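# Structural overview for review
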Amino acid sequence: LRDPHASVSYTVRAVDPKNWNAEWERSFTPVEVGTDVRIRADFHEPAPGFKYELIITPRMAFGTGHHATTATVLRLLVDLAEALNKSGKPWSMADLGCGSGILAIAADKLGASRVWGCDYDPAAVRISKENAVRNDTPKVSFTRIDVLKWQPKQTWDIVAANIFHDVLEAAFPQLIQSVAPGGVLMLSGILRTQAKDCLAAGKR
């Protein structure tokens, strides 16, 4: 229906031909986690001086290391891995809501003996598997799972869940079941205003 009180205007402007993909690649920079871990896309050159280098090219799955939620979990994972490796005991890690697979792949690189990731989105699972091949981490496995309907059959020393707060709140029973005794549950994706309710759900 036409609204007699509405008006529409537009402007047409010619834009010079440009390689927009190259422009985007120039603005997309590698991520460094501490002094040992560097995350880069496949169009970046390797950099010397890093113990671990992950290749994660942006695609239709969340997780390049640039977002604060992913970066925070990565920093925690690096610190935990260092402590666990010093103990000399094998350790395992689960990545719930794996996105690009970045956390699971990082865990494998950092020394985990068993790593598993899952996501509700089949595209994320497919991309995670491709990234595992690209990063030469064949031991890492990925599965399509709805974490709200998931029944853990085993436990992990580290469980990372970088997903929406409402999913975390609803899935706390499964999350708690998935952590081995003395293990660590890392939650991310929670706004400050959501933290109180989310933590309360975990204490029920």
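Shown above is the structure to which this text applies.
Below, the structure is looked at part by part. Source: prediction; values computed, not measured. (Residues numbered from 1 in each chain as written. Predicted model: local features only at pLDDT ≥ 70, side-chain atom pairs only at ≥ 80, totals over all residues. Heavy atoms only, no water.)

## Looking at empty space enclosed by the protein
Threshold: Any residue with an atom within 4 Å of a point lines the site, the site being either a cavity, points on a 1 Å grid over the protein atoms alone where a 1.4 Å probe fits but cannot get out, or a pocket, an open set with protein on both sides within 12 Å along at least 5 of 7 lines. Grid points are joined across faces, edges and corners, and a volume is the space filled by probe spheres set on the points. Each residue is assigned to one class: nonpolar for Ala, Val, Leu, Ile, Met, Phe, Trp, Tyr, Cys and Pro, charged for Asp, Glu, Lys and Arg, and polar for all the others, Gly among them.
This structure, assessed with the given rule, holds 1 cavity of 30 Å³ or more. Put simply, the largest cavity is a space of about 50 Å³. Residues that form the lining of the largest cavity fall into these classes: 4 nonpolar, 4 polar and 1 charged.

## Focus: the sheet that holds strand E5 (residues 114-119)
Short version of the rule: Paired strands, in this sense, are two strands between which DSSP finds at least two bridges. Working definition: helices are DSSP H or I runs of at least four residues, strands are E runs of at least two. Numbering for both runs from the N terminus. Here, axes are lines fitted to C-alpha atoms. For helices the fit covers the stretch in contact, and angles between N-to-C directions go from 0 to 180 degrees. In this analysis, two residues are considered to be in contact whenever any of their non-hydrogen atoms come within 4.5 Å of each other.
Taken together, 5 strands build an open sheet; the order of strands is E6-E5-E4-E7-E8 and the sheet is parallel. Single-partner strands in this sheet number two, and they are strand E6 (141-144) and strand E8 (179-188). Here the strands of the sheet are splayed against their neighbours by 15 degrees on average, with no regard to which way each runs. Relative to E5, strand E4 (residues 92-96) runs parallel, the two sharing 5 bridges. What sits directly across from Leu96, in E5, is Cys118. Contacts from helix H5 (residues 165-178) reach E4, strand E7 (156-162) and E8 within the one sheet, and its direction differs from that of E8 by about 150 degrees.

## Structural notes on H5
Put simply, the test is: By definition, a residue's bend is the angle between the axes fitted to the seven residues ending there and the seven starting there. Relative accessible area decides the class of each residue, using a 1.4 Å probe on protein chains only: under 20% of the type maximum gives buried, over 50% gives exposed, and in between gives partly exposed.
Along its length, H5 reaches its greatest deviation from straightness, about 70 degrees, at Ala171, and the proline Pro173 lies no more than four positions downstream. Every buried residue of H5 is accounted for by Leu168, Ala171, Phe172, Gln174, Leu175 and Ser178. The secondary structure elements touched by the buried residues of H5 are E4, E7, E8 and helix H6 (192-203).

## Overview of the nonpolar core
Let me state the cut-off plainly: Residues belong to one nonpolar core when they are buried, are Ala, Val, Leu, Ile, Met, Phe, Trp, Tyr or Cys, and are joined through side-chain atoms within 4.5 Å.
Core analysis: the largest hydrophobic core is formed by 31 residues, its most contacted members being Val37, Ile39, Leu54, Leu77, Trp91, Met93 and Leu110. Per-element accounting of this core gives the leading share, 6 residues, to helix H3 (residues 102-109). Ignoring anything within four residues of it in the chain, the contact list for Met93 reads Leu77, Leu103, Ala104, Ala107, Arg114, Val115, Trp116, Trp156, Ile158 and Ala160. Core analysis: the second largest hydrophobic core is formed by 18 residues, Cys118, Ile145, Trp150 and Ala171 among them.

## A word on the state of the cysteines
Keep this limit in mind: Pairs of cysteine sulfur atoms within 2.5 Å are what we label disulfides.
Taken as a whole, this structure holds 0 disulfides when the rule is applied. For the unlinked cysteine Cys98, the closest cysteine sulfur is that of Cys118, found at 6.4 Å. Taking relative accessible area as the criterion, Cys98 reaches 3% and is therefore assigned buried. Looking at Cys198, it has no disulfide partner, and the nearest cysteine sulfur is the one in Cys118, 17 Å off.

## Notes on the pattern of salt bridges
Heads up, the rule is: Here, a salt bridge means any side-chain nitrogen of Lys or Arg that lies within 4 Å of a carboxyl oxygen of Asp or Glu.
Scanning all chains against the criterion turns up 4 salt bridges. Among the ionic pairs, Glu82 bridges to Lys86, the shortest N-O distance being 3.6 Å. Highlighted residues: Glu82 and Lys86, both in helix H2 (residues 68-87), separated by 4 residues, approximately one helical turn. Residue class for Lys86 comes out exposed when judged on its relative accessible area of 67%. Residue Glu130 is joined to Arg126 by a salt bridge in which the shortest nitrogen-to-oxygen separation is 3.6 Å. Of this pair, Glu130 and Arg126 both sit in helix H4 (residues 122-134), 4 residues apart, roughly one helical turn. A cluster of three or more residues bridged by salt bridges with shared partners is formed by Arg38, Arg40 and Glu53.

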